[in-house]
Amino acid sequence: MRISYIYKMENFKISNAAEAFLKKEQHDFFINNKWVRTDSPKTIDIVNPANDSIVGKISVATAEDVKNAITSGKRAFQNKVWRDMSPIKREQLLHNLADLMQDHLIPMAEILTIENGKLLSHAKSEIQGAINTFRYYAGWATKIEGQTIDLSLRQKPGFKNFAFIKKEPIGLVAVIVPWNFPISIATWKLAPLLAAGCTAVLKPSEVTPLSTLYLAQLFELAGFPPGVVNVITGDGESGAALTSNPQVDKITFTGSTQVGKIIGQAAMQNLTPISLELGGKSPAIVFDDADLTAAAKGVALGIFRNGGQVCVAGSRVYIQKKVYDNVLADIISEGKKMNMSDGFDEKADLGPLVSKKHLESVSAYIAKGQEGGAQLVSGGSSPNRQGCFLEPTVFSTTDNNHLIVQEEVFGPVLVAIPFDNKEDALRMANDSRYGLASSVWTKDISKALQCVDALDAGWVFVNSPSRSDPNLPLGGNKNSGIGRELGKEGLYTYLKTKGVNIVY
Ligand code: NAD
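Turning our eyes to something else, we now look at the overall build of the protein. Within the protein one finds 17 helices and 22 strands. Scaling as 2.2 N^0.38, a compact globule of 504 residues should have a C-alpha radius of gyration of about 23 Å, and the protein matches this with 24 Å. Overall, the C-alpha framework of the protein stretches about 75 × 65 × 40 Å when taken along its three principal axes. Of the accessible surface of the protein, which amounts to about 20400 Å², a share of 52% is contributed by carbon and sulfur atoms. On the protein, the mean spot of the 53 positive side-chain charges and the mean spot of the 51 negative ones are 7 Å from each other.

Let us now look at the domain arrangement of the protein. As far as domains go, the protein holds domain 1 (26-278 + 482-499) and domain 2 (282-470). The distance between the C-alpha centroids of domain 1 and domain 2 comes to 31 Å. Each side of the interface is counted separately: domain 1 has 28 residues, and domain 2 has 30 residues. In terms of surface lost to domain 2, no three residues of domain 1 exceed Ala50, Leu119 and Trp179, which account for 25% of the buried area on that side.

Around the ligand there are 28 residues in total, and Lys203, Glu206, Ser256, Leu278 and Glu408 lie nearest to it. Here an oxygen atom of the ligand and a backbone polar atom of Gly255 are 3.3 Å apart. Of all elements in the fold, only α9 (236-243), β10 (250-254) and α10 (257-270) reach the threshold of two or more residues within the shell around the ligand. Looking at which domains feed residues into the shell around the ligand, each of domain 1 (26-278 + 482-499) and domain 2 (282-470) gives three or more.

All right, on to the layout of surface pockets then. Rolled over the atoms, a probe with the dimensions of a water molecule shows which regions are left empty. A volume near 1500 Å³ is recorded for the largest pocket. Trp179, Ser256, Gln258, Val259 and Lys357 are the residues nearest the centre of the largest pocket, which is lined by 49 residues in total. Of all the secondary structure elements, the ones that give two or more residues to the lining of the largest pocket are β3 (43-48), α9, β10, α10 and α13 (356-371). The dominant element in the lining of the largest pocket, judged by the number of residues it contributes, is α10, at six residues. For the lining of the largest pocket, the class distribution of residues is 24 nonpolar, 14 polar and 11 charged. Both of domain 1 (26-278 + 482-499) and domain 2 (282-470) provide at least three residues apiece to the lining of the largest pocket. Put simply, the second largest pocket is a space of about 740 Å³. As for the second largest pocket, its lining consists of 27 residues, of which Ser125, Phe181, Arg305, Arg467 and Ser468 are closest to the centre. For the lining of the second largest pocket, the secondary structure elements donating two or more residues are α6 (120-140) and α7 (182-196).

Quick look at the sheet that holds strand β6 (residues 161-169) now. A sheet is described by the order of its strands in space; here three strands give the open sequence β5-β6-β22, paired in antiparallel fashion. The sheet terminates laterally at β5 (147-149) and β22 (495-503), the two strands that pair on one side only. Along the sheet, successive strands turn relative to each other by an average axial angle of 25 degrees, direction set aside. Relative to β22, β6 runs antiparallel, the two sharing nine bridges. Looking at β22, one finds that Asn161 is bridged to Val503.

Quick notes on the rules
- Residues numbered from 1 in each chain as written.
- Predicted model: local features only at pLDDT ≥ 70, side-chain atom pairs only at ≥ 80, totals over all residues.
- Heavy atoms only, no water.
- Helix = DSSP H or I, 4+ residues; strand = E, 2+ residues; numbered from the N terminus.
- Rg over C-alpha atoms; globule rule 2.2 N^0.38 Å.
- Areas by Shrake-Rupley, 256 points an atom, 1.4 Å probe, with all protein chains shown as cover.
- Lys, Arg positive; Asp, Glu negative; His and termini not counted.
- Charge placed at Lys NZ, Arg CZ, Asp CG, Glu CD.
- Domains from an automatic or database assignment.
- Contact = heavy atoms within 4.5 Å.
- Buried area = accessible area lost by both parts, 1.4 Å probe.
- Near = heavy atom within 4 Å.
- Polar contact = N/O pair within 3.5 Å; in protein donor to acceptor, adjacent residues only side chain to side chain.
- 1 Å grid on protein atoms, 1.4 Å probe; cavity = no way out; pocket = protein on both sides within 12 Å on 5 of 7 lines; lining within 4 Å.
- Points joined across faces, edges and corners; volume = space filled by probe spheres on them.
- Nonpolar A, V, L, I, M, F, W, Y, C, P; charged D, E, K, R; others polar.
- Pairing = 2+ DSSP bridges.
- Axes fitted to C-alpha atoms, helices over the stretch in contact; angles between N-to-C directions.

Put into C-alpha cells, the structure is as follows:
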C-alpha cells in the first residue's frame, strides 16, 4: 500500500526530484558507487508519522550484505586512491558535495520531513547545517599536522635523533546513526572522516533511512572514488554485523545509551576504537536575576523544538523559588501557543513524534510520571487526529530522584523543579547518570562562570538553549558517551598517531 505519495499530491506540492525518489518501489544499498539489490528476506516499511502512510520500503542488510559493504570500504581504503589523494583534491571533492547538497536542499528536506515528521523549515536548516559542516571539514583536509619532538635517547657520539609524530587516517569507519537528525549526525561523522582520508560504511536508522539514501547518490556525482562511502540499510541486527566485524578500524555511534553499551562490548571483542554519542537528560538552571522572559522562551524552545527529540534538549529546568511560579507559567504558555500540524504546514510549530512506537514510549513515561507523584501541570495528551502528535507537556516536582527527572524521555516533556540557591541547583543538576548538555540563565557573569566550572556536562550554554556549530565540539560525560565530535577534536578522532625516530 503506497498511499502517501497520493496524499502528498493532494495536500502539499513537493519537488519533482523528491517525488521521483519516493516513487521507487524499494530502495537499494549504495556499495562501491553502485546501487545494489540483494535477496535479503527482510524489508521494512518507512512511515510518514504525520499521517501514518507508508512512504517507502528498504531492505534489511544481512550479514552477507554487511560484509560486502565492508569489503568495498576496506578496499577503497587499502588501494590508497582516497587516502593518498592530495589534501587539496579531497577538500575540493567535499566542496563539490556541499555544492550538490545545496542544489538538492529542497528535495532532501522534503524527504526528511516526510520520513521523520519534523517541520520543513527545520529540515531545511538541518540540510543547510550539514552543508556548512562539509565545508568546514573541507577546510581541515589541508590542515592535518603532526609534530616534531625532542627525545632523550642517547645515541653513539656524533649521532642525533630526529623524532616526529605523524598523523594517519584510521581506516574504514563503521558509522551508525539515529533517526532524530539523520543528515546532521551522519555528516558530523562523514565530513571529518573523509577529510582525514578514511572510508565509511554508514547505516542510518531503520526509521529514517530515505534522506540518507538520497544523499548517497550525491557522493558519486561529486566525484568520490568507488567504495569511499557505502550506505546500507537495516535494523539493529544489521548494525551488530557491522560493529562486530574485525575488518572495521573504528566505530562511531550516535544513539541510545542502552545500544551504545552493547556496541561498546562488541567493539572490545576486536579492540576496535569507538566513539559514542549517547543519551541525555540535560538541565537548564534559571536564576531569579535572569531576563526571565528570554529564559522562559529559551527553555521552552530548548525542550519543545523537534518535539524534544533532541539529544541535547533541556528536559529538566531548575527555577529559583522566588520566580518559580511566574517562569513556569510563561514556559507553559509558550508550549500552549505551539500549533501542532504536519511539517509541511507553514503554520506548524510542532510536528508529530517520529513513530507510533516512540509516541507510545513517551506517553508511557508521562503516565509513569503521574503515577510517581509528579504534578502534570500542562499537556500530556495526544490530540484526536491522525498521526503521532503529542502536546507540549510540563511536570512540576520537588523530588529530584523522580523517574521523570532522571530518565531520558526523548519527547516534548519538561520537568520543573524549584531551588533555593546556586549550590542547591548545581547539586541537583549534576545528580544524573547523564552529562551531555546544560544551560544557565543569569545576568551575573561570575555566577554564570561558576556554573560553567561546576556543571558536569559536555556543553554549557549561558543565556541560550543548546545549539550546534561545526567548530564547537559535542559529546557527553558519564552515560552520555565517550569522545567528542565536531571541531578539531572531531577530526583527530579519525586519525591515528605514529611515532617516528630517525637517527642521523
Ligand atoms: P537507538 O540506539 O535505538 O538506535 C540507533 C542506531 O543503532 C540505529 O541505526 C539502530 O538501527 C542501531 N542499532 C540498534 N541496535 C544495534 C546493535 N545492537 N548494534 C548496532 N547497531 C544497533 O537510538 P534511536 O532510538 O535511533 O535514537 C534516539 C537515541 O539517540 C536517544 O537516546 C538520544 O539521546 C540519542 N542521541 C544522542 C545524540 C548525541 O549526540 N549524544 C544525538 C542524537 C541522538
